[in-house]
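Reading the structure
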Amino acid sequence: FFFFQAEDGIRDFCLSRGLGDVYKRQVSTQSTWVPGYEQYSTFVIYYSFPSKGYSGTRRQAFLPNNDEGNRVMRMLKIAFERRLIFTVGTSVTTGRTNCVIWNGIHHKTSIDGGPQNYGFPDPTYLKRVKEELAAKGVYETEI
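Since the structure is predicted, the reported quantities are computational estimates derived from the model, not experimental observations.

So, about the overall build of the protein chain. Scanning the protein chain from terminus to terminus reveals two helices and six strands. Sequence separation of at least 24 residues holds for 52% of the intrachain contacts in the protein chain that already meet a minimum separation of 6. Of the accessible surface of the protein chain, which amounts to about 7,600 Å², a share of 51% is contributed by carbon and sulfur atoms.

Rendered as structure tokens:
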């Protein structure tokens with residue numbers, strides 16, 4: 001189990017808002033597996049943002065604990081530290097404004113249910129998320 005903490009981890013296009021909150025990203029390993037990666041344990045990434053000037057949130061995401069999943073997890077850590085994973089905006093699912101939302105780097109927020117439910121199995125997910133990370137300037141060569 002390891003833990004990361006940093007200041008102002010949200011990408012905000014309104015720079016004058018001063019999002020100086022402390023946010024957290026934690027990663028743990030579960031002995032359960034995600035469909036399609038039955039021989040591996042699972043990384044669980046926990047994100048937590050307090051409410052302060054915007055609506056906070058808590059999110060969790062899942063990755064297989066294999067070589068490629070480990071590389072993706074390390075790339076997500078870099079993206080998180082660069083404030084690329086979240087932004088403040090309008091929620092697509094709830095319509096709420098001024099809240100923490102995903103910023104175009106997809107995460108598997110469900111262990112199962114397939115891509116339509118943001119879960120596994122999804123045989124091309126790890127490849128796609130690496131492409132999304134590269135599009136935001138995070139490359140495998142950095143890990």
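Between helix H1 (residues 67-81) and helix H2 (residues 125-135), whose axes approach to 10 Å, the crossing angle comes to 25 degrees. Here H2 runs roughly parallel to H1, going by the angle between their axes. Two packed elements cross with a definite hand, and for H1 against H2 that hand is left-handed. In contact with Glu 68, Gly 69, Arg 71, Val 72, Met 75, Leu 76 and Ala 79 of H1, H2 contributes Leu 126, Lys 127, Val 129, Lys 130 and Leu 133. Tallied by class, the residues present in the contact of H1 with H2 amount to seven nonpolar, one polar and four charged.

Quick look at the side chain of Lys 108 now. Along the chain, Lys 108 falls in the loop between strand E6 (99-102) and H2. Given the relative accessible area of 3%, Lys 108 is considered buried. Among the polar contacts made by the side chain of Lys 108, one reaches the main-chain carbonyl oxygen of Gly 119 at a distance of 3.0 Å. When near neighbours in sequence (up to four residues on either side) are disregarded, Lys 108 contacts Gln 60, Ala 61, Phe 62, Pro 115, Tyr 118, Gly 119, Phe 120, Asp 122, Tyr 125 and Arg 128.

So, on to the packing of aromatic side chains. Under the counting rule described, the total for this entry stands at seven aromatic pairs. Each ring, one from Tyr 37 and one from Phe 120, has its centre 6.0 Å from the other, and the planes form 85 degrees; the classification is edge-to-face. With a gap of 83 residues between them, Tyr 37 in the loop between strand E2 (22-30) and strand E3 (42-49) and Phe 120 in the loop between E6 and H2 connect regions that are remote in the sequence. Phe 120 shares its class with Tyr 37; the two are buried. On the basis of an interplanar angle of 90 degrees and a centroid distance of 5.9 Å, the ring pair of Phe 120 and Tyr 125 is categorised as edge-to-face. Exposure class is identical for Phe 120 and Tyr 125. Each is buried. Among the aromatic residues, those joined into a cluster by ring pairs are Tyr 47, Phe 49, Phe 80, Phe 86 and Trp 102. The ring of Phe 120 has Lys 108 sitting right over it, with the charged end atom 5.8 Å from the ring centre.

Taking 1.5 Å as the rise per residue, H1 with 15 residues should run 21 Å; its terminal C-alpha atoms sit 21 Å apart, in good agreement. When H1 is considered as a whole, its buried residues turn out to be Gly 69, Val 72, Met 73, Met 75, Leu 76, Ile 78, Ala 79 and Phe 80.

What counts and how
Residues numbered from 1 in each chain as written. Predicted model: local features only at pLDDT ≥ 70, side-chain atom pairs only at ≥ 80, totals over all residues. Heavy atoms only, no water. Helix = DSSP H or I, 4+ residues; strand = E, 2+ residues; numbered from the N terminus. Contact = heavy atoms within 4.5 Å. Areas by Shrake-Rupley, 256 points an atom, 1.4 Å probe, with all protein chains shown as cover. Axes fitted to C-alpha atoms, helices over the stretch in contact; angles between N-to-C directions. Parallel < 35°, antiparallel > 145°, perpendicular 65-115°, else oblique. Left-handed = near helix turned anticlockwise from the far one by under 90°. Nonpolar A, V, L, I, M, F, W, Y, C, P; charged D, E, K, R; others polar. Buried < 20%, exposed > 50% of the residue type's maximum accessible area, 1.4 Å probe, protein only. Polar contact = N/O pair within 3.5 Å; in protein donor to acceptor, adjacent residues only side chain to side chain. Phe/Tyr/Trp six-rings, centres within 6.5 Å; stacked < 30°, edge-to-face > 60°. Lys NZ or Arg CZ within 6 Å of the ring centre and 35° of its normal. Expected span 1.5 Å × (residues − 1).

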